[in-house]
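Chain residues, written in single-letter form:
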Amino acid sequence: DTAVSQTPKYLVTQMGNDKSIKCEQNLGHDTMYWYKQDSKKFLKIMFSYNNKELIINETVPNRFSPKSPDKAHLNLHINSLELGDSAVYFCASSRTGSTNEKLFFGSGTQLSVL
Amino acid sequence: RKEVEQDPGPFNVPEGATVAFNCTYSNSASQSFFWYRQDCRKEPKLLMSVYSSGNEDGRFTAQLNRASQYISLLIRDSKLSDSATYLCVVNMGTGFQKLVFGTGTRLLVSP
């Protein structure tokens, strides 16, 4: 069974559309994250949630809205998509969110905005 | 200055070679350090944590120099399967996990 699963794997859409990416973890972890990896392969944190509460919001445009219905799920909704949103988005989780824990990543969602 | 800096490479080495990667970080208060590995078009996976006294895991040795804010990874007896991008990762959160990734160093091991 996949520990951290995200869907879809590929997402191709037009500028201006609204899209969502879903993420689920079956590890029983308390903390989940969204990371963005751009075309230069730079991986940057966007959000983290601990037990459904927002912990980190890294000055991400408010077109990006994470939603955590329960601690096993962290979805990412993006409004009014722009060309610059094209990237690979990785969901991740860790056991409690404390500082020395291993992150488990999903396999990524490649978003292409045309 | 970037929060975590690495030489992007690529490092091209023959099988069996020893190769070392370096990384510097900007926040002197950082307490947790890691090396992650990312294969092409795959997700990052933890290779090893980096401890103050240095630590070894098989062919891999990690070192931390807090005074110089410098982390290293040494790979001995390189295998073809070691070809990947190696990401230096520093926790910049205080009391919570906020991992900051370097841009990665690409390693290509050839026969």
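Quick caveat, the model's predicted, so the values are computed rather than measured.

Draft legend 1. Focus on the overall build of chain B. Check the secondary structure of chain B and you find zero helices and eleven strands. Put simply, chain B runs from its N terminus to its C terminus through helices and strands in the order β-β-β-β-β-β-β-β-β-β-β. A compact globule built from 111 residues should have a C-alpha radius of gyration of about 13 Å, and chain B, at 13 Å, falls within 12% of that. Dimensions along the principal axes, computed over C-alpha positions, put chain B at roughly 45 × 30 × 25 Å. Of the charged side chains in chain B, 12 are positive and 10 negative, and the gap between their average positions amounts to 4 Å.

Draft legend 2. Expanded view of the overall build of chain A. A tally of regular secondary structure across chain A gives zero helices and eleven strands. Counting from the amino terminus, chain A carries its helices and strands in the arrangement β-β-β-β-β-β-β-β-β-β-β. In terms of C-alpha radius of gyration, chain A reaches 13 Å, essentially the compact-globule figure of 13 Å for 114 residues. Across the 114 residues that make up chain A, the buried fraction comes to 43%. Looking at chain A alone, contacts between residues at least 24 apart form 55% of all its contacts between residues at least 6 apart. Total accessible area on chain A is roughly 5,700 Å²; 49% of this is exposed by carbon and sulfur atoms. For chain A, the separation between the mean place of its 13 positive charges and that of its 11 negative charges on side chains is 4 Å.

Draft legend 3. Up close: the state of the cysteines. Residues and elements named next belong to chain A. By the definition in use, this model includes two disulfides over all chains. Two residues share a disulfide in this structure: Cys23 and Cys91, whose sulfurs sit 1.8 Å from each other. Taking the torsion about the S-S bond as the criterion, the Cys23 to Cys91 disulfide, at about -80°, is left-handed. Of this pair, Cys23 sits in strand 3 (residues 19–25) while Cys91 sits in strand 9 (residues 87–94), placing them 68 residues apart in sequence.

Draft legend 4. Main features of the pairing of strand 9 (residues 84–91) of chain B. Residues and elements named next belong to chain B. The buried fraction of strand 9 is high, at eight of eight residues. The alternating pattern of strand 9 places Ala84, Tyr86, Cys88 and Val90 on one face and Thr85, Leu87, Val89 and Asn91 on the opposite face, and all of these are buried. Relative to strand 9, strand 4 (residues 33–38) is paired through six bridges, and the arrangement is antiparallel. What sits directly across from Phe33, in strand 9, is Val90. Inspection of the sheet shows strand 9 paired to strand 11 (residues 105–110) by three bridges, in the antiparallel sense. Following the sheet pairing, Ala84 is matched in strand 11 by Leu107. Bridging between strand 9 and strand 10 (residues 99–101) involves three bridges; their strand directions are antiparallel. The partner of Asn91 across the bridge, within strand 10, is Leu99.

Draft legend 5. View of the sheet that holds strand 1 (residues 4–7) of chain A. Residues and elements named next belong to chain A. Taken in spatial order, the four strands of this open sheet run 1-3-8-7, and their pairing is antiparallel. Edge strands, defined here as strands with exactly one partner in the open sheet, are strand 1 and strand 7 (64–70). Within this sheet the neighbouring strands show an average axis-to-axis angle of 15°, counted without direction. Here strand 7 runs beside strand 8 (residues 73–78); their pairing, made up of five bridges, is antiparallel. Each residue of the ladder has a partner; that of Lys67, found in strand 8, is Asn75.

Rules and cut-offs
- Residues numbered from 1 in each chain as written.
- Chains lettered and ligands numbered in written order.
- Predicted model: local features only at pLDDT ≥ 70, side-chain atom pairs only at ≥ 80, totals over all residues.
- Heavy atoms only, no water.
- Helix = DSSP H or I, 4+ residues; strand = E, 2+ residues; numbered from the N terminus.
- Rg over C-alpha atoms; globule rule 2.2 N^0.38 Å.
- Lys, Arg positive; Asp, Glu negative; His and termini not counted.
- Charge placed at Lys NZ, Arg CZ, Asp CG, Glu CD.
- Buried < 20%, exposed > 50% of the residue type's maximum accessible area, 1.4 Å probe, protein only.
- Contact = heavy atoms within 4.5 Å.
- Areas by Shrake-Rupley, 256 points an atom, 1.4 Å probe, with all protein chains shown as cover.
- Disulfide = S-S within 2.5 Å.
- Pairing = 2+ DSSP bridges.
- Axes fitted to C-alpha atoms, helices over the stretch in contact; angles between N-to-C directions.

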